[in-house]
Amino acid sequence: NGCDVLVHEVYSDSGFALMRPERQQYHVNAHTSATGVGRIATKGRAKLVILTHILFFGSTEDRILREVRSTYAGAVVMGRDLGRY
């Protein structure tokens, strides 16, 4: 609670909605939606969220960032290999 950095895997809510139900079941049980990551970050009072293991499901980086930001008001970025944050 009050962490400086939260590194979290994520999948796109909008891309997920387009998937077949049998694929949705696996992903909903094994991964976290973008809006879910935002809620976790808000509850944990994270100062920065770095998204990793990103499942786009046909979505875009901008869309996923907007989805996270719909439930989290802090800083959020896409993680990059060798990135410095």
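See above for the structure.
About the criteria used
Residues numbered from 1 in each chain as written. Predicted model: local features only at pLDDT ≥ 70, side-chain atom pairs only at ≥ 80, totals over all residues. Heavy atoms only, no water. Helix = DSSP H or I, 4+ residues; strand = E, 2+ residues; numbered from the N terminus. Buried < 20%, exposed > 50% of the residue type's maximum accessible area, 1.4 Å probe, protein only. Lys, Arg positive; Asp, Glu negative; His and termini not counted. Salt bridge = Lys/Arg side-chain N within 4 Å of Asp/Glu carboxyl O. Polar contact = N/O pair within 3.5 Å; in protein donor to acceptor, adjacent residues only side chain to side chain. Contact = heavy atoms within 4.5 Å. Pairing = 2+ DSSP bridges. Right-handed = clockwise from strand over helix to strand, strands pointing away. Core = buried A, V, L, I, M, F, W, Y, C linked by side-chain atoms within 4.5 Å.

A. Molecular detail of the side chain of Glu9. You can see Glu9 is positioned in strand 1 (residues 5-11). Within the buried set, Glu9 has no salt-bridge partner at all; the shortest N-O distance to an opposite charge, 12 Å, is to Arg39. Here the side chain of Glu9 touches His31 through a polar contact of 3.4 Å, side chain to side chain. The contact partners of Glu9, leaving out residues within four places of it in the chain, are His31, Thr32, Val37, Thr52 and His53.

B. Examining the pairing of strand 3 (residues 75-78) more closely. Only one face of strand 3 is covered, namely the one carrying Val76 and Met78; the face carrying Ala75 and Val77 has none of its residues buried. Summarising the sheet, strand 2 (residues 48-55) and strand 3 pair through 4 bridges and their orientation is parallel. When the sheet's bridge partners are listed, Ile50 is paired in strand 3 with Val77. In this fold, the crossover linking strand 2 to strand 3 by way of helix 4 (residues 61-69) has right-handed handedness.

C. Focus on the pattern of salt bridges. On inspection of all chains with the given rule, the structure shows 4 salt bridges. A salt bridge links Glu22 to Arg20, with the shortest nitrogen-to-oxygen separation between them at 2.7 Å. Each member of the pair, Glu22 as well as Arg20, is classed as exposed.

D. Local environment of the nonpolar core. Core analysis: the biggest nonpolar cluster contains 14 residues, and Val49, Leu51, Tyr72 and Val76 have the highest contact counts within it. Of all the elements in the fold, those that place two or more residues in this core are strand 1, helix 3 (34-43), strand 2, helix 4 and strand 3.

E. Region of the structure containing the environment of His8. Inspection of the secondary structure assignment puts His8 in strand 1. When the C-alpha positions of His8 and Asp62 are compared, they lie 17 Å apart, and in sequence the two are 54 residues distant. The residues touching His8, leaving out its near neighbours within four places in the chain, are Thr32, Val37, Ile40, Ile50, Leu51 and Thr52.

F. Highlighting helix 3. What helix 3 keeps buried is the set Ala34, Thr35, Gly36, Val37, Gly38 and Ala41. On its buried face, helix 3 is in contact with strand 1, helix 1 (13-16), strand 2 and helix 4. Once helix 3 finishes, Arg45 follows within two positions and takes phi at roughly 55 degrees, a positive value.

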